[in-house]
Amino acid sequence: MSAAPPGEQPRVWPMYRAMVGVGLMCGLLIVGVFQWTGPRIARNRAEALERAIFQVLPAARSSTTFRLVDGERFEPRGEGDAADSLVHAGYDAEGELVGLALEGRGMGYQDVIHVLFGYAFADETVVGIRVLESRETPGLGDRIETDPGFLANFDALDVRLDESGSALAHAIEPVKPGEKTEAWQVDGITGATISSVAIANILDQSAAFWIPRIRARLDDFRGAQP
Amino acid sequence: MSDESVPTPGTDEFVKGLWRENPVFVQVLGMCPALAVSNTARNALAMGLATLFVLVGSNLVVSSLRHFVPRQVRIATYILVIATFVTVVDYAIQAISLDLHKALGAFISLIVVNCLILGRAEAFASRNHVGTALLDALGMGTGFVLALLSLGAVREILGSGSLFGVPLFHEGFQGWVVMILPAGGFFTLAGWLLLFNWLRERRATRLAALEPVGATGGGR
Amino acid sequence: MSGEPLWAIFVNASLINNFVLAYFLGLCPFLGVSGKLATASRMGGAVTFVMLVSSVCAFGIQRALVAIDAPYLRLISFIAVIASTVQLVEMFVKKVSPELFRQLGIFLPLITTNCAILGLALFQTNKGYDFVECLVYALGAGAGFTLALVLMAGLREKLELASLPDVVRGAALSLVLAGILSITFMGFAGLGS
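K.L.:
Whenever I open this one, the pattern of salt bridges confuses me. Can you help?
P.N.:
The full count for this structure, using the stated rule, is five salt bridges over all chains. Of the charged contacts in the structure, one is a salt bridge between A:Asp147 and A:Arg143, with a shortest N-O distance of 3.7 Å. On the basis of relative accessible area, A:Arg143 is assigned to the partly exposed category, the value being 24%. The residue B:Lys16 makes a salt bridge to B:Asp136 at a minimum N-O spacing of 2.9 Å. Of this pair, B:Lys16 sits in helix H1 (residues 9-18) while B:Asp136 sits in helix H7 (residues 130-160); the two residues are 120 residues apart in sequence, bridging distant segments of the chain. Since its relative accessible area comes to 7%, B:Lys16 is described here as buried. Here B:Asp136 falls in the buried class, since its relative accessible area comes to 0%.

K.L.:
Please explain the confidence of the model for chain B as it appears in this structure.
P.N.:
Detailed reading of the predicted model is not advised wherever pLDDT is low. All names here are of chain B. Residues at a pLDDT of 70 or more form 91% of chain B, whose mean pLDDT is 83. Confidence scores differ between elements of chain B, with H1 showing the lowest mean pLDDT of 76 and helix H3 (residues 41-64) the highest of 92. The low-confidence segment residues 1-7 (pLDDT under 50) makes three contacts with residues lying over four places distant or belonging to another chain. Considering only residues more than four positions removed or in separate chains, one finds that residues 214-220, a stretch of pLDDT under 50, has five contacts.

K.L.:
What is the right way to read the interface of chain A and chain C from this model?
P.N.:
Contacts between the two partners involve 13 residues from chain A, matched on the other side by 16 residues from chain C. Each partner contributes to the roughly 1200 Å² buried at the junction of chain A and chain C, and carbon and sulfur atoms together form 61% of this total. Interface area lost by chain A to chain C is led by A:Ile30, A:Met107 and A:Gln110, which between them contribute 38%. Where chain A packs against chain C, one counts zero salt bridges. Across the contact surface, chain A and chain C share zero residue pairs in polar contact (both at pLDDT 80 or more). For the side of chain A that touches chain C, the secondary structure elements donating two or more residues are helix H1 (12-56) and strand E4 (97-107) of chain A. The element contributing the most residues to the side of chain A that touches chain C is H1(A), with three residues. Taken together, the residues that form the side of chain A that touches chain C break down as seven nonpolar, three polar and three charged.

Rules used in this analysis
Residues numbered from 1 in each chain as written. Chains lettered and ligands numbered in written order. Predicted model: local features only at pLDDT ≥ 70, side-chain atom pairs only at ≥ 80, totals over all residues. Heavy atoms only, no water. Salt bridge = Lys/Arg side-chain N within 4 Å of Asp/Glu carboxyl O. Buried < 20%, exposed > 50% of the residue type's maximum accessible area, 1.4 Å probe, protein only. Helix = DSSP H or I, 4+ residues; strand = E, 2+ residues; numbered from the N terminus. pLDDT = per-residue confidence, 0-100. Contact = heavy atoms within 4.5 Å. Buried area = accessible area lost by both parts, 1.4 Å probe. Polar contact = N/O pair within 3.5 Å; in protein donor to acceptor, adjacent residues only side chain to side chain. Nonpolar A, V, L, I, M, F, W, Y, C, P; charged D, E, K, R; others polar.

Here it is as structure tokens:
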């Protein structure tokens, strides 16, 4: 085709040829790389998730991810299910259920904060928290991830249900720094008030949604340990 | 700008990107990633290397296809090629380290619209041999890496008192938070640009003083 | 789908996380075009318009890619569709309103390579917004871009009259200004919560 005469019509063919040829090449390259890295990326993701789960549920040794079906039942997650409405159940070395890792998200100071927290079902407390995603101000708001005093709030945060079993007995309540007197209160951080209050509210919303549903269907998790 | 007959074309194509035509400090191109992810030296280095890879890959492909692609669809094919390489880099980084991928975020994908890459493909690779294009891409890419690294290093040292995560100062060091914030990126880049402007101006005055008859060899 | 109220999305995109001043997106036109107040506001309008259009397109593409399970084609299809959308918009505006075309015309090609547009498409996908939220997000991002551009142009028009050494003129000075604006915009943080 190098001898194409300089007219209007014959020039169309090289254009198609180039576009289709380059497109084909690019497509092959992308699909090839995707196939090649795919398993590795999936493994990285699973490992990262597992690390986070074990951090918020220190007693857990293995985990399985469940999804909420029809707003009431829990089923082990199949391949390729949508990523929302998931909970992660953690089991100890004997395969006994120790608790669940729950997700929550909400608006912080700068942007949306996404957290994972551990719910120990035996004593009905939150036992650990990890910020998965935040853009809080470095040095101020991001102390929600590092401040030891703040993180100590979540060593045993009371999230018992009331008698009806459909709501928390006490809503998780943010208080001013150093004024925590009850087990369901969250001490704020001086200089990062909005971020720490945001965390308490995110936890409260997520706990109020998930915990009644989970306690109503605890057997869904027990039967399915890996 | 066609094939120039420089005595040592190879070294010049490579070296010009490092300093004389440095993409960030002199041409002021590709600033979006340069500022967005340069809050630590590690992120800056990763971003620079990713850009270097895309630049080399796309320059090679564009240069070897330069007789095959008609003029009318040139830009479209270039964008296609660049987007392909960026997707490849995106998956490669995810496979290497998810944490790094999270730190760089959407800015890896945004390499596609880095004017530096399309600019080199259009202005250089489409008119030169594969070897020359490769050297050009390597030089420009390395210049970009160096620029990002110098931004990232300054911001990390001043902002968190460390370099590549290694603490440099004693315990009580209070970082300048502003350097890690977006504003710090603007200020640091402005500082480097000032330095480069000043160096160039000084060199120009010196050359003018040396050769009052008309300086032909002055830098651009 | 994300659970944020719409006004919070708008405030978030336009003020708190301003595309130019917090994400550094669209810096090229920001530094290149923002010399004159009139041009800056028109450019802002054009970008907002293209953002709205490409946000809708990106939303559709994302749905389609999820349906055929081909996430690896996302970037290529986004950039291809944005580039061709801008072309289409250009032709459409030229046909329908030559007057508007004369005002926007020179900016449209510039917008194709504007990272703010692609950034918008990527961010809205990452955040998992639904259709209405996408529209609000695009509107907010466009408003924020215009605001930053107009503020910058105003400052630079004043600076034209100041006497400055040659070394600081140009990009370096604009960057310092942008940095100060960026600090100012940090004051908006916390509005959305």
